[in-house]
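Geometric and topological summary
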Amino acid sequence: MDRNILVLSNISKSYRQGSEYITIFDNFNLTVDKGEFISIVGPSGSGKTTLLNLVGLIDSIDQGEILLNAKIISNQNSNEKSEVRRNNFGFIYQNYNLFDNFSAIENITLPLILRGEAKDVAFEKADELMNIFDVSHRKSHFPNSLSGGEQQRVAIARALINKPKIVIADEPTGNLDYENSVNVFKYLIDYIESEKMTLIMATHNQEWANKSDRRIDLS
Ligand SMILES: Nc1ncnc2c1ncn2[C@@H]1O[C@H](COP(=O)(O)OP(=O)(O)OP(=O)(O)O)[C@@H](O)[C@H]1O
Ligand SMILES: [Mg+2]
């Protein structure tokens, strides 16, 4: 079915710890529909980050297949994987991961600049997103002079500027107080819905998990 944007088919993943292997996934299956919001829940160490890293081709599976739009992407070489990542995925992390030496707006333009987009076009698009995410008063500020909520809204704008088909978020509000986390979540969800993007989000927050279309519990 072409409704399925992403399929994990019988994937397995183990990590070596000392002389032993610990199995995180053993013949795990997941099918994600286009536009779906999937929450990944489970206790610490249950494999949420591992799963997101496998889906985003940051880490590789031991067995099985990952398909994006019915095409196998898990067996590609690292250049091809980088290209798949750049063209299809947007990543949002708990720690924002902004580049300290670039201003807020420069951080947001980076994915476009790396794609070879003209500078003025990149800055125009970043400007537009900064308005949407309500951080336009912080354009020339550097990350260390932004609040946590502002840093995350800048990081989200950076993740979304390429209009990724699939957004991968690992505890995006995990470092924020309640008020800021509500705010950041709302900006994220509103934009994802308006652009019909697919969202896969690991979270400890039951409130966000309850708002997802489907909850995958790894415990
Ligand atoms: N690169 C690695 N090498 C060895 N073991 C790893 C590696 N990455 C993760 N693990 C192990 O895999 C298991 C799952 O880790 P993972 O980070 O996916 O959990 P998590 O559900 O994201 O936890 P948290 O809620 O704390 O973020 C843990 O036991 C962890 O120690
Ligand atoms: Mg994690």
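It should be noted that the structure appears before, not after, this text.
Below: a short report on this structure. (Residues numbered from 1 in each chain as written. Chains lettered and ligands numbered in written order. Predicted model: local features only at pLDDT ≥ 70, side-chain atom pairs only at ≥ 80, totals over all residues.)

1. Observations regarding the overall build of the chain
The number of helices and strands found in the chain is seven helices and nine strands. Overall size of the chain, expressed as C-alpha extent along the three principal axes, is 50 × 40 × 40 Å. Burial analysis of the chain (219 residues in total) assigns 36% to the buried set. If you take every contact in the chain between residues at least 6 apart in sequence, the share linking residues at least 24 apart comes to 72%. (Helix = DSSP H or I, 4+ residues; strand = E, 2+ residues; numbered from the N terminus. Buried ≥ 20, exposed ≤ 12 C-beta atoms within 10 Å, placed from the backbone. Contact = placed C-beta atoms within 7 Å.)

2. A closer look at the packing of helix α5 (residues 148-160) against helix α6 (residues 178-194)
Interaxial distance between α5 and α6 falls to 10 Å at its minimum, and their mutual angle equals 15°. By the angle class used here, α5 and α6 are roughly parallel. Relative to α6, α5 is oriented so that their crossing is right-handed. For the pair α5 and α6, the contacting residues are Gly 148, Gly 149, Gln 152, Arg 153, Ile 156 and Leu 160 in the first and Asn 180, Asn 183, Val 184, Tyr 187, Leu 188 and Tyr 191 in the second. Looking at the contact of α5 with α6 residue by residue, the classes come out as six nonpolar, five polar and one charged. (Axes fitted to C-alpha atoms, helices over the stretch in contact; angles between N-to-C directions. Parallel < 35°, antiparallel > 145°, perpendicular 65-115°, else oblique. Left-handed = near helix turned anticlockwise from the far one by under 90°. Nonpolar A, V, L, I, M, F, W, Y, C, P; charged D, E, K, R; others polar.)

3. A word on the site of ligand 1
Lining the immediate environment of ligand 1, one finds Tyr 15, Gln 17, Ile 24, Gly 42, Ser 44, Gly 45, Ser 46, Gly 47, Lys 48, Thr 49 and Thr 50. For the shell around ligand 1, the secondary structure elements donating two or more residues are β1 (4-17) and α1 (48-55). Residue contributions to the shell around ligand 1 peak at three residues, all from α1. Taken together, the residues of the shell around ligand 1 sort by class into two nonpolar, eight polar and one charged. (Near = placed C-beta within 6 Å.)

4. Details of the pairing of strand β4 (residues 63-68)
Pairing analysis gives five bridges linking β1 to β4, with the strands arranged antiparallel. Paired with Ser 12 across the strands is Gln 63, a residue of β4. Across two bridges, the pairing between β4 and strand β5 (residues 71-72) is antiparallel. Residue pairing in the sheet places Leu 68 in a bridge with Lys 71 of β5. (Pairing = 2+ DSSP bridges.)

5. Focus: the pairing of strand β7 (residues 166-170)
Of all five residues making up β7, five are buried, and the element is well covered by its neighbours. Burial along β7 is two-sided: the residues Ile 166, Ile 168 and Asp 170 and Val 167 and Ala 169 are all buried. The pairing of strand β6 (residues 89-92) with β7 spans four bridges and is parallel. Bridge pairing in β7 places Phe 89 opposite Ile 166. Pairing of β7 with strand β8 (residues 198-202) involves five bridges; the strand directions are parallel. Across the sheet, the residue bridging to Ala 169 is Met 201, located in β8.

6. Thoughts on the sheet that holds strand β9 (residues 214-217)
Pairing is parallel across the open sheet formed by five strands, whose spatial order is β6-β7-β8-β3-β9. Only two strands of the sheet have a single neighbouring strand rather than two, namely β6 and β9. Each neighbouring strand pair of the sheet contributes to a mean axis angle of 15°, computed without reference to strand direction.

7. Observations concerning the packing of helix α3 (residues 104-114) against α5
At a minimum axis distance of 7 Å, the contact between α3 and α5 shows a crossing angle of 25°. Overall, the two elements α3 and α5 adopt an arrangement that is roughly parallel. Here α3 runs over α5; the crossing is right-handed. Counted together, Ala 104, Asn 107, Ile 108, Leu 110 and Pro 111 of α3 and Val 154, Ala 157 and Arg 158 of α5 form the full contact between these two elements. When grouped by side-chain class, the residues that make up the contact of α3 with α5 number six nonpolar, one polar and one charged.

8. What to know about helix α4 (residues 119-132)
Taking 1.5 Å of rise per residue, 14 residues should cover 20 Å, and α4 covers 20 Å from first to last C-alpha, within 8% of that figure. Every buried residue of α4 is accounted for by Ala 122, Ala 126, Leu 129 and Met 130. Projection of α4 onto a plane perpendicular to its axis shows the buried side chains occupying an angular sector of 105°, all on one side. The outward face of α4, more than 90 degrees from its buried face, is lined by the exposed residues Asp 120, Val 121, Glu 124 and Asn 131. Those residues of α4 hidden inside the fold are in contact with α3 and α5. Following α4 by one or two positions, Asp 134 adopts a phi angle in the positive range, close to 55°. (Expected span 1.5 Å × (residues − 1). Arc of directions from axis to C-beta.)

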